[in-house]
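# Overview (structure and organization)
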Amino acid sequence: MLARRHVGLDAIRAAAERIQPHVLRTPMVQSASLTERTGVPVHLKLESHQRTGAFKLRGATNAMLMLPADQHAHGVVAASTGNHGRALAYAARSVGAKATICMSALVPDNKVAEVRRLGADVRIVGRSQDEAQVEVDRLVAEEGMIMVPPFDHADVIAGQGTIGLEMIDDLPEVETVLVQVSGGGLASGIAAAIKALIPAARIIGLTMDRGAAMKRSIEAGRPVPVDEYPSLADSLGGGIGLDNRLTFSMCAALLDDIVLVTEHEIAEGIRHGYREEREVLEGAGAIGIAAILAGKVALAGPTVVLLSGRNIDMIRHRHIINGWDVEDAP
Ligand SMILES: *Cc1c(COP(=O)(O)O)cnc(C)c1O
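Residues numbered from 1 in each chain as written. Predicted model: local features only at pLDDT ≥ 70, side-chain atom pairs only at ≥ 80, totals over all residues. Heavy atoms only, no water.

### Comments concerning the nonpolar core
Put simply, the rule reads: For our purposes a nonpolar core is just a set of buried Ala, Val, Leu, Ile, Met, Phe, Trp, Tyr and Cys residues, chained together by side-chain atoms within 4.5 Å. To sort residues, take the accessible area from a 1.4 Å probe on protein chains only and compare it with the maximum for the residue type: under 20% means buried, over 50% means exposed, and anything in between is partly exposed. Numbering of helices and strands runs from the N terminus, with a helix taken as a DSSP run of H or I at least four residues long and a strand as a DSSP run of E at least two residues long. Any two residues having at least one pair of non-hydrogen atoms within 4.5 Å are treated as being in contact.
Met167, Ile190, Ile194 and Leu255 are the most contacted members of the largest nonpolar core, which totals 41 residues. Listed by contribution, the elements that provide at least two residues to this core are helix 1 (9–19), helix 7 (154–170), strand 7 (176–180), helix 8 (185–197), helix 9 (213–220), helix 10 (247–254), strand 9 (257–261) and strand 10 (303–307). Among the elements that line this core, the one with the most residues is helix 8, at seven residues. If we skip the residues at most four places from it in the chain, isoleucine 190 touches Gln160, Gly161, Ile163, Gly164, Met167, Val177, Val179 and Leu306.

### Describing the sheet that holds strand 3 (residues 76–78)
Rules: Following DSSP output, two strands are said to pair if at least two bridges run between them. A fitted line through C-alpha atoms serves as each axis, taken over the contacting stretch for helices, and the angle formed by two N-to-C directions is quoted from 0 to 180°.
Overall, parallel pairing links the four strands, which are arranged 5-4-3-6 in an open sheet. The sheet is open, and its two borders are formed by strand 5 (121–124) and strand 6 (146–147), each paired with just one other strand. Two strands pair when backbone bridges link them, and strand 3 and strand 4 (residues 99–103) are joined in this way by three bridges, in the parallel orientation. Note on strand 4: the bridge partner recorded for valine 76 is alanine 99. Its contacts with the sheet put helix 6 (residues 129–143) on strand 3, strand 4, strand 5 and strand 6, and the angle it makes with strand 4 is roughly 145°.

### Some points on the sheet that holds strand 8 (residues 202–208)
Working definition: the strands of a sheet are paired by backbone hydrogen bonds and lie parallel or antiparallel to each other. Read from one edge of the open sheet, six strands run 1-2-10-7-8-9, paired in mixed fashion. Every interior strand has two partners, whereas the edge strands, strand 1 (28–30) and strand 9, have only one. Across the sheet, the mean angle separating the axes of adjacent strands is 25° when strand polarity is ignored. Where strand 8 lies against strand 9, five bridges are found, and the strand directions are parallel. Note on strand 9: the bridge partner recorded for isoleucine 204 is aspartate 257. Across the sheet, helix 11 (residues 263–275) lies against strand 8 and strand 9, angled at about 90° from strand 9, the strand it touches most.

What follows is the structure in structure tokens.
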């Protein structure tokens, strides 16, 4: 039984119409090598080709477009060094609003420059993400900015769910979907869309074995904190929030399983993506390929693997392609 607050098909369909002028409808292609290896048709949803290099643009754009226009002058704010920060900067610019992204002084210059290039106001505060978040809270309280969180927000989840609608449009006979899980906005949205239209489809969540916050939380029956370690799948780091409102109960209700993948397997996924599929992928983006190569998911019927992003440092990518795993990288 779904709780009343869960994001449903109507909200996801409305989001698809709303964000359509601002985001790419990404292609889906069949993988010859993975189809041959598994014996079922395996299709890759190339959300790594999305503007800004990751799917997060969908949720950020939907959240921006749901704000009343008089809020645009106050602007939106988030503490994010990664794909959500880029997405929010881009989404704000495309609707003519202001975005402020707070980052700690330890964030590398190239990441700061990238968000500035997308037109956001970057504030460097403190020496940790927690300290950057304190500045976000201050800007919300004192300057009336609106915080757009990266996953636990109905409009963000609905935006990510539009990927599920496109998967079904392109492969109506889909039986299994492999999707990344960190905070769970992506998996909640996609699972809500697909299970509403194809109730028998299986949605398998994937994350790294280092700090699998959603899996541990579902096992515990409540959101729990996890230790964080460096991972090749850096976009999957972080907790789900101890006061999680939506994604914890949606993932618990809608995901058939959450499978854990090692660093070595993620590196294999990145290599396979490049050599066989000719795609540059970040660790999180390659985790579905990694799970298939490792034989960790039993595939039945036509399968879609989401490639969620490609924002990886290209020097690190080259090292991985040359056969180094994360532990070896300088
Ligand atoms: C954020 C992100 C994820 C995980 O999305 P959640 O909604 O936090 O579960 C997966 N892949 C990439 C590339 C991301 O940026």
